[in-house]
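For reference, the chains in residue letters:
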Amino acid sequence: MSSNFALSRTLRRTGSFPSARTLRIVILGQGAVGKTETIYRHELNIGGEAVNFEILDTAGQEEDALLMEEKIKWADGFLVVYSVTDRCSFDEVMRLCFLVNHIHSKRSGTDPPAIIIVANKKDLEFDRMVTVEEGESLSHALKLPLREISVRDGWEETASVFHALYTVILQQMDKLPLSFRRRGVSRLMEKIPRIHSNATLGSTGRSFSFSSFRDLLPD
Ligand SMILES: Nc1nc2c(ncn2[C@@H]2O[C@H](COP(=O)(O)OP(=O)(O)OP(=O)(O)O)[C@@H](O)[C@H]2O)c(=O)[nH]1
């Protein structure tokens, strides 16, 4: 959990785009797949457009169901992560995708949520338990894009996952009223310090306490 290679933490950066489009991302997956439990902002320039990602990780199966639902309602897009070295985490993907679909449909009717499945730890080829073909087959069955990456191998693949999710979210947002498409940094994020690219987190690897998350959500 205090790894330097976790999926989300590789994207920490400095810099700010005041008029950036803000997108909220939740990362789901079983424990130890490489999500790391933290919450932070990340700003990217994609195709000349400033994009401000607000990213929230979840606590795997330890997550309280109500809190999970609130996080899913909060998000614009989702990364559902499994580890190619952990079959249980792969088996969990389908349940998580259905959960996101179910909760999301209560909020926005028939439009499917923006989800990308991420197969992490592909560098651990000797320990692989889930084949590329199995991942592709699941992706095909769920009609969701799949990216196989190694967070440990560098930030480029991780960044490309966020770029891909951005594209999917934009496709969904095109269907929404204009007022939904641009917004400032959320109330939740105003409470959270910006993390600099060379900053180190505490020994627990957490930059934010989830126990206070619920208090910050809008009614
Ligand atoms: N080899 C390898 N190890 C990785 C990779 N990504 C993460 N890890 C390691 O996997 C372990 C678990 O990573 P975490 O980030 O704690 O996983 P998590 O999904 O946040 O786990 P929970 O906090 O239990 O939900 C750590 O030891 C990481 O160093 C990867 O791409 N390759």
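The text that follows walks through the structure, step by step, so that each part is easy to find. (Residues numbered from 1 in each chain as written. Predicted model: local features only at pLDDT ≥ 70, side-chain atom pairs only at ≥ 80, totals over all residues.)

Observations regarding the nonpolar core
In step 1: Counting residues in hydrophobic clusters, the biggest one holds 40 residues, and the most contacted among them are Ile25, Phe78, Leu79, Val80, Val118 and Leu165.
In step 2: At the level of elements, strand S1 (21-29), strand S3 (49-57), strand S4 (77-83), helix H2 (87-108), strand S5 (114-120) and helix H4 (155-173) are the ones that each hand at least two residues to this core.
In step 3: Considering every element that reaches this core, the biggest residue donor is S5, with six residues.
In step 4: Discounting chain neighbours no more than four positions away, the residues touching Leu165 are Ile25, Gly77, Leu79, Ala114 and Ile116. (Core = buried A, V, L, I, M, F, W, Y, C linked by C-beta atoms within 7 Å. Buried ≥ 20, exposed ≤ 12 C-beta atoms within 10 Å, placed from the backbone. Helix = DSSP H or I, 4+ residues; strand = E, 2+ residues; numbered from the N terminus. Contact = placed C-beta atoms within 7 Å.)

Considerations on the environment of Phe98
In step 1: Here Phe98 is to be found in helix H2.
In step 2: When the C-alpha positions of Phe98 and Leu142 are compared, they lie 9.2 Å apart, and in sequence the two are 44 residues distant.

Observations concerning unusual backbone geometry
Glycine aside, the phi torsion of most residues is negative, and most peptide linkages are trans.
In step 1: Of note, the phi angle at Lys121 is positive, near 70°, even though the residue is not glycine.
In step 2: Within the fold, Lys121 resides in the loop between S5 and helix H3 (132-142).
In step 3: Phi at Lys143 is positive, roughly 55°, even though this residue is not glycine.
In step 4: One can find Lys143 in the loop between H3 and strand S6 (146-148).

Details of the pairing of S3
In step 1: Counting buried residues in S3 gives seven out of nine residues, a clear majority hidden from the surface.
In step 2: Taken together, the seven bridges between S1 and S3 define a ladder with parallel strand orientation. Residue pairing for S3: Val26 is matched across the bridge by Leu56. (Pairing = 2+ DSSP bridges.)

Looking at the pairing of S4
In step 1: Burial of S4 is extensive: seven of the seven residues sit out of reach of the surface.
In step 2: By the alternation rule, side chains of S4 split into Gly77, Leu79, Val81 and Ser83 and Phe78, Val80 and Tyr82, which are all buried.
In step 3: Taken together, the seven bridges between S4 and S5 define a ladder with parallel strand orientation. Within the sheet, the bridge partner assigned to Ser83 lies in S5 and is Asn120.

Keep in mind that these numbers describe shape and distance, not what the molecule does.
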